Amino acid sequence: MEKYYQPEIETASYEEIRRIQNEKIVKQVRYVYDNVPYYRNLMDKKGVKPDDIKSVDDIKKLPFLSKDDLREAYPYGLLGTDLKNVVRIHSTSGTTGKRVVAFYTQHDIDLWEDCCARAIVAAGGSDEDVCQVCYGYGLFTGGSGLHGGSHKVGCMTLPMSSGNTDRQIQFMMDLGSTILCCTPSYAAYIGESLAEKGYKPEDNKLKAGIFGAEPWTEEMRQGIEKSLGIKAYDIYGLTETSGPGVAFECSEQTGMHINEDHFYAEIIDPETGEVLPEGSKGELVFTSLDKEGFPLLRYRTKDICILSRKKCSCGRTHIKMTKPLGRSDDMMIIRGVNVFPSQIETVLLKEGFPPNYQIVVDRVNNNDTFDIYVECPPELFSDKVAEMQNHEKNLNAAMRSMLGIGPKIHLVAPKSIERSEGKAVRVIDKRKLH
Ligand code: DLL
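Residues numbered from 1 in each chain as written. Predicted model: local features only at pLDDT ≥ 70, side-chain atom pairs only at ≥ 80, totals over all residues. Heavy atoms only, no water.

Student: If you had to explain the overall build of the chain to someone new, which residues and values would you point to?
Tutor: The helix and strand tally for the chain stands at eleven helices and 20 strands. In summary, the chain has a C-alpha radius of gyration of 23 Å against a globular reference of 22 Å for 434 residues, a match within 12%. Taking the principal axes of the C-alpha coordinates as reference, the chain spans close to 70 × 60 × 40 Å. For the chain, the residues scored as buried account for 55% of the 434 residues in total. Looking at the chain alone, contacts between residues at least 24 apart form 65% of all its contacts between residues at least 6 apart. On the chain, roughly 19,100 Å² of surface is accessible, and the fraction owed to carbon and sulfur atoms is 51%. One finds the centroid of the 55 positive side-chain charges in the chain at a distance of 1 Å from the centroid of its 63 negative side-chain charges. (Helix = DSSP H or I, 4+ residues; strand = E, 2+ residues; numbered from the N terminus. Rg over C-alpha atoms; globule rule 2.2 N^0.38 Å. Buried < 20%, exposed > 50% of the residue type's maximum accessible area, 1.4 Å probe, protein only. Contact = heavy atoms within 4.5 Å. Areas by Shrake-Rupley, 256 points an atom, 1.4 Å probe, with all protein chains shown as cover. Lys, Arg positive; Asp, Glu negative; His and termini not counted. Charge placed at Lys NZ, Arg CZ, Asp CG, Glu CD.)

Here is the structure:
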């Protein structure tokens, strides 16, 4: 028997969902217009007034928001309420170093945790479960989001955060974790580590995993399911919309249901901005329907995917999205961290290196490798190994401070990186993720 966290809304008829969305969008647009001057300006420039939005069909009249807007409005320009109503922030890196800071009121946290609770119940979770959360806690949304969802479901929650694999395994085995929440690459790594320690898949009590925050393939799913002896469910989200739980997989494991009562999804042509019909591949755009702290209307995610309203055997009626099939910008996700080539270029220039570089990303034993080859300027170039190593160490530290993760730096001779006659090939991503 399929279980739901909020059965009424999760299995509501299409007409009922539309009714709720239409009611909410009218209020949300009025709220944003009255409280967010940055977006009011965009609407005024486009000649759209709140009264023009009478239903979700009118959303297409509204202007888009992009990561550039978030950068321009940083830090408080898109805040939707008085600071005194805000109880938390989360953050992620944006382009050229400016961070994305998302604000939450208690109401926003409640809705977000409901979304995560829906995902946990869809993966078979209940108050009988022991839920091990090893997404990062802190500014990243993964830890807090699933932690909150796990509390709502009533699971015994293990707030492990990421890393320290030996300790993860000790708690998992000693306390009998039944649900594992982490990135798919970390799940695969935990699987390998368990095998190395001599455990067989049936030795652990795990039954399900809720994995997301980065692209992963069907092959990877099968590998994780086999090595841990579980069913592996995908979960999607982004800091700008709240975090994980915007969409989640159910027992059918054929795409993720979008929590449509909180987020209205559109697919657009990334070149023209035109709204595409259901079933088309394009850029996913979200409009929050009931947020207070960071209410984004028509936010362009840059994630490329396809939406489908095909009937689902789990009984949920909310529209489904495919896994992200790629991005319409150059953002990479390396070890779960969002990285833009422009951030790397900024660091190089600041540290006195030329922008002649190549980023090589690969996946070895389920771990992302991250190497940057940089031409050493003639004045820094030396045949003394220690001096060169010192430059590499300094550059690694500067990268770590900008990106949150440290690449392996390889300083190479001036003019040794191949020049291209067209667009420079800056990124070589050898992982086969899509
Ligand atoms: O990654 C939120 C999250 C945490 C989702 C835990 C799932 C689990 P950001 O750091 O802001 O937020 O990164 C958002 O990550 O635009 C996608 O490109 C990518 N992404 C998130 N989930 C998936 C997924 C979190 N299931 C960006 N598959 C998004 C593929 C994903 N890519």
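Now that the structure has been shown, we can carry on.
Student: Which residues make up the domain arrangement of the chain, and what values do they have?
Tutor: Where the parts come together, the accessible area they lose is often given as the size of the interface. Considered domain by domain, the chain is made up of domain 1 (1–327) and domain 2 (332–429). Between domain 1 and domain 2, the C-alpha centre-to-centre distance is 32 Å. Taken together, the contacts link 15 residues of domain 1 with 14 residues of domain 2. Viewed at the interface, domain 2 and domain 1 are joined by one salt bridge. For E214, the salt bridge is made with R363, and the minimal N-O distance between the two is 4.0 Å. (Domains from an automatic or database assignment. Salt bridge = Lys/Arg side-chain N within 4 Å of Asp/Glu carboxyl O.)

Student: For the sheet that holds strand β19 (residues 408–412), give the residues involved together with the corresponding values.
Tutor: Two modes of strand pairing occur in sheets, parallel and antiparallel, and in both the strands are linked by backbone hydrogen bonds. On the basis of which strands lie adjacent, the open sheet formed by four strands has the order β19-β18-β17-β20 and mixed pairing. Single-partner strands in this sheet number two, and they are β19 and β20 (427–429). Strand-to-strand, the axes of this sheet are offset by a mean angle of 20°, without reference to chain direction. Relative to β20, strand β17 (residues 357–364) runs parallel, the two sharing three bridges. Of the residues in β20, the one forming a bridge with I359 is V427. Contacts between helix α10 (residues 341–350) and the sheet are confined to β17, β18 (367–375) and β20, with β17 contributing the most and set at about 130° to the helix. (Pairing = 2+ DSSP bridges. Axes fitted to C-alpha atoms, helices over the stretch in contact; angles between N-to-C directions.)

Student: Please provide a residue-by-residue account of the packing of helix α7 (residues 165–175) against helix α8 (residues 184–196), values included.
Tutor: One way to put it is that α7 packs onto α8 with a least axis distance of 11 Å and a crossing angle of 75°. Considering their axes alone, α7 and α8 lie roughly perpendicular with respect to each other. Between α7, through T165, Q168, I169, M172 and M173, and α8, the contact on the second element is made entirely by Y186, Y189, I190, S193 and L194. Here the contact of α7 with α8 is composed, by residue class, of seven nonpolar, three polar and no charged. (Parallel < 35°, antiparallel > 145°, perpendicular 65-115°, else oblique. Nonpolar A, V, L, I, M, F, W, Y, C, P; charged D, E, K, R; others polar.)

Student: Pulling in residues and values, what's your account of the packing of helix α5 (residues 106–122) against helix α6 (residues 141–153)?
Tutor: Taken N-terminus to C-terminus, the directions of α5 and α6 make an angle of 75°; their axes are 7 Å apart at the nearest point. In this view, α5 runs roughly perpendicular relative to α6, as classed from their interaxial angle. From α5, D110, W112, E113, D114, C116, A117, I120 and V121 reach across to α6, where they touch T141, S144, G145, L146, G148, G149, S150, K152 and V153. Considering only residue class, the contact of α5 with α6 consists of seven nonpolar, six polar and four charged.

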